[in-house]
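# Observations on chain architecture
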Amino acid sequence: METKRGIALLAAAFVVSPLALGLGIILLVAASDDDDGGGGDFELSAGTLRVGPGYVPAKYAALIEKAAADCDQGLPAGILAAQIQAESGFNPKAQSKDPKTGEPIADGIAQFIPSTWASSGIDGNGDGKKDVWDPEDAIPSQGKMMCELLRTAKKHPEYNGSPIELALAGYNAGWGRVQHYKGVPPASFAEGQTYNYVKFIMAAQAKLTAPDTSGDPEMSGEWTKPVNASLGTPYHQSGGMWSSGYHTGIDFTAGVGTPIRAAGPGKVVSASRVNAYGRQVIIRHADGMYTQYAHMSDLKVSAGDAVKGGQVIGLSGADGNVSGPHLHFEVRTSPDYGTDISPLPYLRKKGVSI
């Protein structure tokens, strides 16, 4: 998938330089002396967008959040918002031009070049036409492209960079470049334009994401480690025993019968036996995120139950596709498989020492 991109407006001072290798794109990016590949130490932020001056304009927040929610791959709204902020400064009339010829290159709030818009633009508002200048079309189109790239990125856990970073690199320079470098292109590629784009978006998304707004009256309690056990298999370890090709959560080496506790307050949305996960519980929290607890020997809650942080929800076991007893724990942006984010940064932001 080649997703040739338009203009990225990064930081306050811009360096203009055309991408080589026939990409036909001009990017405005911050320079970097680091020549390593991607895979920076960034944490994805959970929660809704931060709205207001200096953040996300209120009139676009719902569009961005819906575009993210429509993706079944765990695409954070903050990533889309940071891209739009970088691409156009949330200006739906933005147009980038070739600094040498003055010819238009990319249009609209998401800065699509004409060829990409022709192939990937969608009629997001259902008015019968796809209009690159209309945010109701451009933002859903951006979300769809990022979702497809994220789905592709998850098939390559061996590449250098997280799935989100790989998707961003593909969005900026084309997936072919990601394949060529087996990860985020290094700073030596195209004068660091793609490398810095990824770094900028990953850093900026946290600033555009609102803090956890837990405090719903029915959800009281503290955040805690889900089980009193040591860590086992880490997040995103690659291997053939997982259908995705990599581990979508973290494991705790808990023996059979060890109490499993809700990591935080929320509502149980699922408590059942599900194929490879065996007996599992999924809890929705007030920030819109979900935690999943799998391979249990016994369930102590039912769907619809309100739980407090630290409340026992089941007992550890070896149910499902396992090689021994343990707790498999995930943090997701939806209750569905494939929407995982890194669990440890999420728990640590909740104050859990782990």
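In case you missed it, the structure is sitting above this.
## Looking at the overall build of the protein chain
In terms of regular secondary structure, the protein chain is built from 8 helices and 13 strands. When each of the 354 residues of the protein chain is scored for burial, the buried share is 50%. Restricting the contact set of the protein chain to residue pairs at least 6 apart, pairs at least 24 apart contribute 61%.

## Notes on the pairing of strand 9 (residues 290-299)
Taken across its 10 residues, strand 9 has 7 buried, putting it largely inside the fold. Connecting strand 8 (residues 278-284) to the next strand, strand 9, in antiparallel fashion are 5 residues, including Gly288 with a positive phi near 90°. In terms of strand pairing, strand 9 meets strand 12 (residues 327-332) through 5 bridges, oriented antiparallel. Across the sheet, the residue bridging to Tyr293 is Phe329, located in strand 12.

## Side note on the state of the cysteines
Within this structure, the stated rule accounts for 1 disulfide. With its sulfur 2.2 Å from that of its partner, Cys71 forms a disulfide with Cys147. Its S-S torsion of about 85° marks the bond between Cys71 and Cys147 as right-handed, since a negative value means left-handed. With a gap of 76 residues between them, Cys71 in the loop between helix 1 (58-69) and helix 2 (77-88) and Cys147 in helix 4 (residues 135-153) connect regions that are remote in the sequence. This pair shows no difference in class: Cys71 is buried, exactly as Cys147 is.

## Notes on the pairing of strand 8
The buried count for strand 8 comes to 5 of 7 residues, which makes it a mostly enclosed element. Across 7 bridges, strand 7 (residues 266-274) lies against strand 8 in antiparallel orientation. Bridging across to strand 8, Val274 finds its partner in Gly278.

So, how was this worked out
Residues numbered from 1 in each chain as written. Predicted model: local features only at pLDDT ≥ 70, side-chain atom pairs only at ≥ 80, totals over all residues. Heavy atoms only, no water. Helix = DSSP H or I, 4+ residues; strand = E, 2+ residues; numbered from the N terminus. Buried < 20%, exposed > 50% of the residue type's maximum accessible area, 1.4 Å probe, protein only. Contact = heavy atoms within 4.5 Å. Pairing = 2+ DSSP bridges. Disulfide = S-S within 2.5 Å.

Nothing here speaks to function; it is all geometry.
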